[in-house]
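Residue-level structural notes
Okay, here's what each chain looks like letter by letter:
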Amino acid sequence: MMEVLEGRGLVKRYPNTVAVDGVHFRLRKGEILGLLGPNGAGKSTLIGMLSTLIPPSEGEILLDGIDVLKNPNIIRNRLGVVPQEIALYPDLTGEENLLFFGRVYGLKGKALRRRVEEVLEIINLTDRARERVGRYSGGMKRRINIGAALLHRPEILFMDEPTVGIDPQSRRLILDTIKDLNREGLTILYTSHYMEEVDFLCDRIYIMDHGKIIADGTKEELIARISNEETIELDFERNGKEFLPALEGLPGVHAVHQRGAKIEIVVEKGMVSLGKIVHLAENSKTSLLSVEVKKPTLEDLFLHLTGRGLRE
Ligand SMILES: Nc1ncnc2c1ncn2[C@@H]1O[C@H](COP(=O)(O)OP(=O)(O)OP(=O)(O)O)[C@@H](O)[C@H]1O
Ligand SMILES: [Mg+2]
């Protein structure tokens, strides 16, 4: 597959932080690329640099091999950006907001009206287009935000956490819209800290933490990195104090993480039987509610690489 956009050695330093710390980045034509990372990982800063809104401290950005930092105008018409923060006029209707953003992109007259109608169809808001945005739900606002980035028919779309804080139905609709847009040829960079979304949408994934890409590949390639492990999840009612140390001491146990009334045990595949765990629980006055072996997920990979969860 062909690369459309490439970042080389991108660094962004702020007085007290290095927000992006030496990132090599490749976006291929026609793919949905996921950028997965916890709060503060540097996702928005990386997107900001790639879209020429934030000047990098170091590094190069190439669009079809041409230096974007020296020729920032070459990317503008080809790229749409859905920012993390919603920026709409609450006193205008959804339709009026789109008309406004269309004019910013240089659309006018009939062509503008027609495109706004098309975009309203794409984001499924034709019925509610004439209501003030101030009365929209969070999900509807997000959809207008996405629509605004589509007006000028970009070939590349950056989406920065477009489903945060919305209801499940709107989320579903947005995820399906993204798949449809991609099927019609749009190349998409999708940023999220929801593993499930990236899992559902993305062909390739970059996992980012503390300004660095710590792993990349297809979902299958990433999962294969931890395929010698499995996770056993326990729910308990009461937890005896010897239970955790006893688990940690079992042969084949790589890590034990407790979160509230849940314990996750990362074990070498096939090495630890559920019977053994139940037996240990009985011996340490722990009453278990459930014991389950889970297939490895991207979340487990993140935990494996950093020792932390994506949402902690
Ligand atoms: N303008 C700025 N000035 C100083 N520090 C900044 C600035 N923008 C971002 N940072 C810092 O850079 C780091 C990365 O921030 P960034 O917003 O890129 O992370 P993120 O992955 O998008 O996080 P989130 O999931 O919360 O949106 C954070 O530590 C943040 O505080
Ligand atoms: Mg962000």
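What you see is a predicted model; the values in this text were computed from it and never measured. (Residues numbered from 1 in each chain as written. Chains lettered and ligands numbered in written order. Predicted model: local features only at pLDDT ≥ 70, side-chain atom pairs only at ≥ 80, totals over all residues. Heavy atoms only, no water.)

Most often, soluble globular proteins keep nonpolar side chains buried together rather than apart. One finds Ile-178 and Tyr-190 to be the most contacted residues of the largest nonpolar core, which totals 47 residues. By residue number, the principal contributor to this core is helix H5 (residues 138–150), which donates six residues. Those residues in contact with Ile-178 that lie beyond four places of it in its chain are Ile-32, Met-159, Ile-188, Tyr-190 and Leu-201. Val-4, Leu-5, Val-23 and Leu-27 belong to the second largest nonpolar core, which has 24 residues in total. (Core = buried A, V, L, I, M, F, W, Y, C linked by side-chain atoms within 4.5 Å. Buried < 20%, exposed > 50% of the residue type's maximum accessible area, 1.4 Å probe, protein only. Helix = DSSP H or I, 4+ residues; strand = E, 2+ residues; numbered from the N terminus. Contact = heavy atoms within 4.5 Å.)

A few words on the coordination of the magnesium ion (ligand 2). In this structure, Ser-44 (OG) and Gln-84 (OE1) serve as the protein donors to the magnesium ion (ligand 2), at separations of 2.0 to 2.1 Å. In this pair, Ser-44 is assigned in helix H1 (residues 43–50) and Gln-84 in the loop between strand S6 (79–82) and helix H3 (94–104), connecting sequence segments 40 residues apart. (Donors = N, O, S within 2.8 Å, 3.2 Å for Na, K, Ca; no water.)

On to the packing of H5 against helix H6 (residues 168–183). Two elements in contact, H5 and H6, have axes separated by 9 Å at closest approach and are oriented at 20°. In this view, H5 runs roughly parallel relative to H6, as classed from their interaxial angle. Here the hand of the crossing between H5 and H6 comes out right-handed. Only Ser-170, Leu-173, Ile-174 and Leu-181 of H6 make contact with H5, whose side of the interface consists of Gly-139, Met-140, Arg-142, Arg-143, Ile-146 and Leu-150. Each residue belonging to the contact of H5 with H6 can be placed in one class, and the counts come to six nonpolar, two polar and two charged. (Axes fitted to C-alpha atoms, helices over the stretch in contact; angles between N-to-C directions. Parallel < 35°, antiparallel > 145°, perpendicular 65-115°, else oblique. Left-handed = near helix turned anticlockwise from the far one by under 90°. Nonpolar A, V, L, I, M, F, W, Y, C, P; charged D, E, K, R; others polar.)

Before going further, it helps to examine the sheet that holds strand S5 (residues 66–67). Spatial strand order, S2-S1-S4-S5: four strands in an open sheet with antiparallel pairing. The two strands at the open ends of the sheet, each matched to only one other strand, are strand S2 (17–28) and S5. Here strand S4 (residues 58–63) runs beside S5; their pairing, made up of two bridges, is antiparallel. Along S5, the bridge assignment pairs Leu-63 with Ile-66. Relative to the sheet, H1 contacts strand S1 (3–14), S2 and S4, its axis offset from that of S1 by approximately 120°. (Pairing = 2+ DSSP bridges.)

Right, let's get into the UniProt feature "domain: ABC transporter" (unreviewed entry) in the protein. Those places that UniProt annotates as "domain: ABC transporter" (unreviewed entry) correspond, in this numbering, to residues 5–235. Within the segment residues 5–235, helix and strand shares are 34% and 30% respectively, and the terminal C-alpha atoms sit 45 Å apart. (UniProt positions renumbered as here; feature names shortened; annotations may be inferred.)

You will see that Asn-124, though not glycine, has its phi angle at about 60°, which is positive. Structurally, Asn-124 can be placed in the loop between helix H4 (109–122) and H5. Overall, Asn-124 belongs to the partly exposed group, its relative accessible area being 49%. Backbone geometry at Arg-153 places phi at a positive 50°, although glycine is not the residue there. According to the relative accessible area criterion, Arg-153 is exposed, its value standing at 54%.

One can find Ser-284 in the loop between helix H10 (274–283) and strand S14 (287–294). Ignoring any residue separated from it by four or fewer positions in sequence, one finds Ser-284 in contact with Gly-240, Glu-242 and Phe-243.

Put simply, side chains in a regular strand alternate between the two faces of the sheet. Across nine bridges, S1 lies against S2 in antiparallel orientation. Bridge pairing in S2 places Val-11 opposite Asp-21. Taking the residues that link successive antiparallel strands as the turn, the S1-S2 hairpin has two residues.

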